[in-house]
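Chain residues, written in single-letter form:
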Amino acid sequence: KRAKKQGPGSVLTLDNAAFEDYNRYNTITHSFQRALQNNEFYLMLQPQFNASNEVIGSEALIRWEHPELGMVSPVEFIPVAEESDTIIDIGNWVINEACRLLHECEQLGKHTRIAVNISGRHIVRADFAETITQLIEKWGLAPDTLMLEITETTLVSSIDLVRERMEKLGELGFSFSIDDFGTGYSSLSYLKELPISELKIDRYFVDEINFHDDEVPIVNSIIDLAHALGVSSVAEGIENEFQRKYLRQRGCEYFQGYFYSRPLPEKAWRDFIMNSSLSKIDLD
Ligand code: C2E
Ligand code: MG
Ligand code: MG
Ligand code: MG
């Protein structure tokens, strides 16, 4: 981006680019509270499937339509929000929205599950368990309608505190999915003790599955490790039939990616979830 702006007077334009970045960062930092108040955030839901192509749940992915900046990716703004307690407000907003959607489905007679991404800074808070319990109770839901996704990096960063929180939440009936698995360095002995239901194979590794290679050792190892721990493996970022077949043959249980379904806006998601004949997508 910066290189393109170079040319005559490039020293000056380089400074301008840095200034623009700084401005954008500041704009983002200062827009969070207004964004929460003005409903600038919304959720997209990406369905997840089992080996029989039935929907087993969905992942909630936050989106931000900023009035001046347009769409801002969570890859850009979540790390900024994580620099302060703003991530707590955003995280609670996401959980409440997920509960609202689940409540609507329950009222229409459909029991389903939503996975929410929880930041490290959020889960280590002393009041997290109380807050999330209050939210599900407010919407008349059971803890097993939510799946809590924490990244492997979060798990590793402050393991003792995170473990304490996870154990408490596990006792309350919440389940955990370890996101972006394979990118951190979690200790195998810890993994065994934690209330984990699934390991989520990072998209980066799924991407390595292609018809040029016979075997993809890291993917194989994560699936085997999940099974050794007695938990399920979930693959994210499946974009083609080849990847799907490979993963299925290797014993991966759950599947998520553009090949199955893009993340859907609320209404399209509800239609998809409610229509059981569509919920089982038509793949061999
Ligand atoms: P993640 O939790 O690992 O989410 C998966 C990302 O992969 C999502 O990107 C999703 O849209 C994308 N994806 C799904 N299927 C495919 C595929 O087949 N191909 C490719 N190339 N991509 C696929 P997204 O929505 O941009 O989110 C990026 C990251 O931002 C998430 O990674 C998560 O770490 C974070 N994030 C998103 N929503 C939230 C949230 O509500 N709270 C927190 N704390 N983090 C969030
Ligand atoms: Mg995730
Ligand atoms: Mg992930
Ligand atoms: Mg990821």
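Here is what the cut-offs are and how they apply
- Residues numbered from 1 in each chain as written.
- Chains lettered and ligands numbered in written order.
- Predicted model: local features only at pLDDT ≥ 70, side-chain atom pairs only at ≥ 80, totals over all residues.
- Heavy atoms only, no water.
- Donors = N, O, S within 2.8 Å, 3.2 Å for Na, K, Ca; no water.
- Helix = DSSP H or I, 4+ residues; strand = E, 2+ residues; numbered from the N terminus.
- Buried < 20%, exposed > 50% of the residue type's maximum accessible area, 1.4 Å probe, protein only.
- Arc of directions from axis to C-beta.
- Polar contact = N/O pair within 3.5 Å; in protein donor to acceptor, adjacent residues only side chain to side chain.
- Axes fitted to C-alpha atoms, helices over the stretch in contact; angles between N-to-C directions.
- Parallel < 35°, antiparallel > 145°, perpendicular 65-115°, else oblique.
- Left-handed = near helix turned anticlockwise from the far one by under 90°.
- Contact = heavy atoms within 4.5 Å.
- Nonpolar A, V, L, I, M, F, W, Y, C, P; charged D, E, K, R; others polar.

(A) Quick look at the coordination of the magnesium ion (ligand 2). The protein atoms that coordinate the magnesium ion (ligand 2) are Glu-59 (OE), Asn-117 (OD1), Glu-149 (OE) and Asp-179 (OD), at distances spanning 2.0 to 2.2 Å. All donors to the magnesium ion (ligand 2) come from one chain, and their sequence spacing reads E-x57-N-x31-E-x29-D. In this structure the magnesium ion (ligand 3) is found 4.1 Å away from the magnesium ion (ligand 2), and Asp-179 serves as a bridging donor for the pair. Here the residue Glu-59 occupies a position in strand E2 (residues 55-66), and Glu-149 occupies one in strand E5 (residues 146-151), the gap between them amounting to 90 residues. Classification of Glu-59 by relative accessible area gives buried; the value is 5%. Residue classification places Glu-149 among the buried positions, given a relative accessible area of 1%.

(B) Quick look at helix H2 (residues 74-81). For H2, the full list of buried residues reads Phe-77, Ile-78, Val-80 and Ala-81. Mapping the buried residues of H2 onto a view down its axis gives an arc of 160°, with all of them on the same face. N-cap assignment for H2: the residue whose side-chain oxygen lies 3.0 Å from the backbone N of Val-75 is Ser-73.

(C) Structural context of the packing of helix H5 (residues 128-138) against helix H7 (residues 159-172). Between H5 and H7, the shortest axis-to-axis distance is 10 Å and the interhelical angle comes to 30°. By the angle between their directions, the pair H5 and H7 is classed as roughly parallel. As for the relative orientation of H5 and H7, their crossing is right-handed in sense. Across from Phe-128, Ala-129, Ile-132 and Thr-133 in H5, the residues of H7 making contact are Lys-168, Leu-169 and Leu-172. In terms of residue class, the contact of H5 with H7 is made up of 5 nonpolar, 1 polar and 1 charged.

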